[in-house]
Amino acid sequence: MDALAEFREQVRQWCAANIPPAWRARQTGATDAEFVDFQQEWFQRLRAGGFAVPHWPREWGGGMPVAQQAVLYSELAAHDAPRLVLAFVSIHHAASTLLAAGTAAQRERHLPAILDGEIWCQGFSEPDAGSDMAALRTSARRHGDTYVVNGRKLWASGAAFADWCLLLARTDSKAPQRHGISYFLLDMRSSGVEVRPIRQATGEWHFCEIFLDEVEIPAANLIGPEHQGWQVAQRTLGAERGLTMLELAERLAHGGFRRLVSLCARPRPGGGCALDDPPVADRLARLETELAGLRGLCADLVAAERPGPADASIVKLYYSELLQRMTDFGTEVAGVSAHTVLRKPRSSGWESGAWMLDFLGSWEWTIPGGTSEIQRTIIGERGLGLPREPVVPR
């Protein structure tokens, strides 16, 4: 505990010296260029402090114990540090995939580049294959030392800024759905790649469509064996559902919940505050209890050498729906004023304190990485051993 207390003090001192002052004001209404520059600068500042990729293996710049990671993320949240929005897929999804299934050459090429600021996106979902990922239709046909890819991807977070993409494509149209898919590393500067932003209800365009027209991918960019991309993709989804959650849980507890308590303690014009209302105090107590459970689940998942087959799905489901409940309650307590906030800082997360925008954004988390319905199916079938649902022919 003394070592953890010493580390906490070290992080606090670093935060005081390195978190950009007034970053929220600078990032509210920031242009794309300002957003990218700020994100890259913040990532390198974290990297210099040894805090950018604590979950990576030690030989690649990580190796921080789970207990210290929890302290790091809780202090970053408590000091209102910006989030690594652009690097999120790079340092979690891409890195986990490369470490688990990439070749030595692929890891040597991309992991140092990610540390230098290489940005990644994920090309899994399609218009007719969202949660039903095995139904994807994007095709990749082998032609000598390359694959020629045609198709369309949807809901690719940050694709407009990405240098590379984790791409799934069907390489065997006659094989059973999950057996004819391959996993590729796609250079987003390749000829035939077109990215179109998707405007959201909040006015932002975090998500994008990716159109692939006769795009050539070198065979050396295949991850894992041909036709076995489904198995590799489970590693990526496992990171999305599990490893990313430690930071998100700490930020929700030490950032989002603290803002919610402050909101409820705000004086009312006629005197008193929302905390004086027993239903409000009860709701806060329940949320705090749920957050304690979430943080414990996340720490156990990251520390486990061999997580259970449904553990990551449990954490992802728990986090996404708790985030939704918390931001919904914040919007309710904030009242009409929350509906007049039209912008929030671009480098903040889903617990920025712009309650209505956070609530709208929270619905995003019940969809990517597998919808809540998919997570419940995984928990039932893989975790509880319940019989699988019969496959209904299309």
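Everything that follows concerns the structure shown earlier in this document.
Residues numbered from 1 in each chain as written. Predicted model: local features only at pLDDT ≥ 70, side-chain atom pairs only at ≥ 80, totals over all residues. Heavy atoms only, no water.

Engineer: Mind showing me how you'd approach the packing of helix α8 (residues 245-264) against helix α10 (residues 311-334) here?
Structural biologist: Geometry of a packed helix pair, given as the angle between the helix axes and the separation of the axes. Closest axis-to-axis distance for the α8/α10 pair is 11 Å, and the angle between their directions is 15 degrees. For the element pair α8 / α10, the angle class is roughly parallel. The element α8 and its partner α10 pack so that their crossing is left-handed. Along the contact surface, α8 presents Met245, Leu248, Ala249, Leu252, Gly256, Phe257, Leu260, Leu263 and Cys264, while α10 presents Val315, Lys316, Tyr319, Leu322, Leu323, Met326, Phe329, Gly330, Val333 and Ala334. A per-class count over the contact of α8 with α10 returns 16 nonpolar, two polar and one charged. (Axes fitted to C-alpha atoms, helices over the stretch in contact; angles between N-to-C directions. Helix = DSSP H or I, 4+ residues; strand = E, 2+ residues; numbered from the N terminus. Parallel < 35°, antiparallel > 145°, perpendicular 65-115°, else oblique. Left-handed = near helix turned anticlockwise from the far one by under 90°. Contact = heavy atoms within 4.5 Å. Nonpolar A, V, L, I, M, F, W, Y, C, P; charged D, E, K, R; others polar.)

Engineer: Any chance you could explain the environment of His339 here in plain terms?
Structural biologist: The topology assignment puts His339 in the loop between α10 and α11 (355-362). Along the sequence, His339 and Met356 sit 17 residues apart, while their C-alpha atoms lie 6.0 Å from each other.

Engineer: Which parts of the structure should I look at to understand the side chain of His254?
Structural biologist: Within the secondary structure, His254 sits in helix α8. Here the side chain of His254 touches Arg295 through a polar contact of 3.3 Å, side chain to side chain. In this view, His254 contacts Ser74, Ala77, Ala78 and Arg295; residues no more than four positions away in its chain are not counted. (Polar contact = N/O pair within 3.5 Å; in protein donor to acceptor, adjacent residues only side chain to side chain.)

Engineer: How do you make sense of helix α5 (residues 88-101) when you look at a structure like this?
Structural biologist: Every α-helix winds through 3.6 residues per turn, so residues three or four apart in the chain are directed the same way. Counted at 1.5 Å a residue, the expected span for α5 with its 14 residues is 20 Å, and the 19 Å between its end C-alpha atoms agrees. Residue Ala95 marks the point of greatest curvature in α5, where the axis turns by about 30 degrees. The element α5 is extensively covered by neighbouring structure, given that eleven of its 14 residues are classed as buried. If you check which residues of α5 are buried, you get Phe88, Val89, Ser90, Ile91, His92, His93, Ala94, Ala95, Ser96, Thr97 and Leu98. (Expected span 1.5 Å × (residues − 1). Bend = angle between axes of the 7 residues up to and from the residue. Buried < 20%, exposed > 50% of the residue type's maximum accessible area, 1.4 Å probe, protein only.)

Engineer: Which parts of the structure should I look at to understand the pattern of salt bridges?
Structural biologist: Think of it this way: side chains of opposite charge can pair up when their charged atoms draw near. Counting across every chain of the model gives 22 salt bridges. The salt bridge partner of Asp32 is Arg346, with a shortest N-O separation of 3.0 Å. Placement of the pair is Asp32 in helix α3 (residues 32-49) and Arg346 in the loop between α10 and α11, with a sequence separation of 314 residues. We classify Asp32 as partly exposed; its relative accessible area is 31%. You can call Arg346 partly exposed: its relative accessible area is 24%. A salt bridge links Glu209 to Arg152; the nearest nitrogen and oxygen atoms lie 2.4 Å apart. Here Arg152 lies in strand β3 (residues 146-153) and Glu209 lies in strand β7 (residues 208-218), a separation of 57 residues in the sequence. One network of salt bridges, with partners in common, ties together Arg8, Arg12 and Glu75. (Salt bridge = Lys/Arg side-chain N within 4 Å of Asp/Glu carboxyl O.)

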